[in-house]
Amino acid sequence: MANPATKSTAGPINKCEGTPLDPADPLRANSDTLQAMDDAVSGRNLNGPFETVDEMMTSLEED
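Reading the values: the criteria
Residues numbered from 1 in each chain as written. Predicted model: local features only at pLDDT ≥ 70, side-chain atom pairs only at ≥ 80, totals over all residues. Heavy atoms only, no water. Helix = DSSP H or I, 4+ residues; strand = E, 2+ residues; numbered from the N terminus. Buried < 20%, exposed > 50% of the residue type's maximum accessible area, 1.4 Å probe, protein only. Areas by Shrake-Rupley, 256 points an atom, 1.4 Å probe, with all protein chains shown as cover.

1. As for the overall build of the protein
Here is step 1: Assigned secondary structure in the protein consists of 3 helices and 0 strands.
Here is step 2: The linear arrangement of helices and strands in the protein, starting from the amino end, is α-α-α.
Here is step 3: Each of the 63 residues in the protein was classed as buried or not, and the buried ones make up 5%.
Here is step 4: Of the roughly 5600 Å² that the protein leaves accessible, carbon and sulfur atoms contribute 56%.

Encoded structure:
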């Protein structure tokens, strides 16, 4: 009988043709995602803060 931990990792390993965590690219993020993450950390290209969800949704719909 297979160990549950082995079963839960076998799918991602097979799907990725290797381990799902690549030390060279642990986030497996594309350039747009990496840029957005960098912007968030640096405080660039941000909207808000918003007082209500409606304000936030209006801002999203404008973009």
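2. Some thoughts on the side chain of Ser59
Here is step 1: For Ser59, the location among the structural elements is in helix α3 (residues 53-62).
Here is step 2: In this structure Ser59 comes out as buried when scored by relative accessible area, which is 14%.

3. Thoughts on unusual backbone geometry
Comment: phi is negative for the bulk of residues other than glycine, and the bulk of peptide bonds are trans.
Here is step 1: Between Gly48 and Pro49 the backbone carries a cis peptide bond, its omega angle lying at 5°.
Here is step 2: Mapping Pro49 onto the fold places it in the loop between α2 (31-42) and α3.
Here is step 3: The phi torsion at Asn45 lies on the positive side, around 55°, for a residue other than glycine.
Here is step 4: If you trace the backbone, Asn45 turns up in the loop between α2 and α3.

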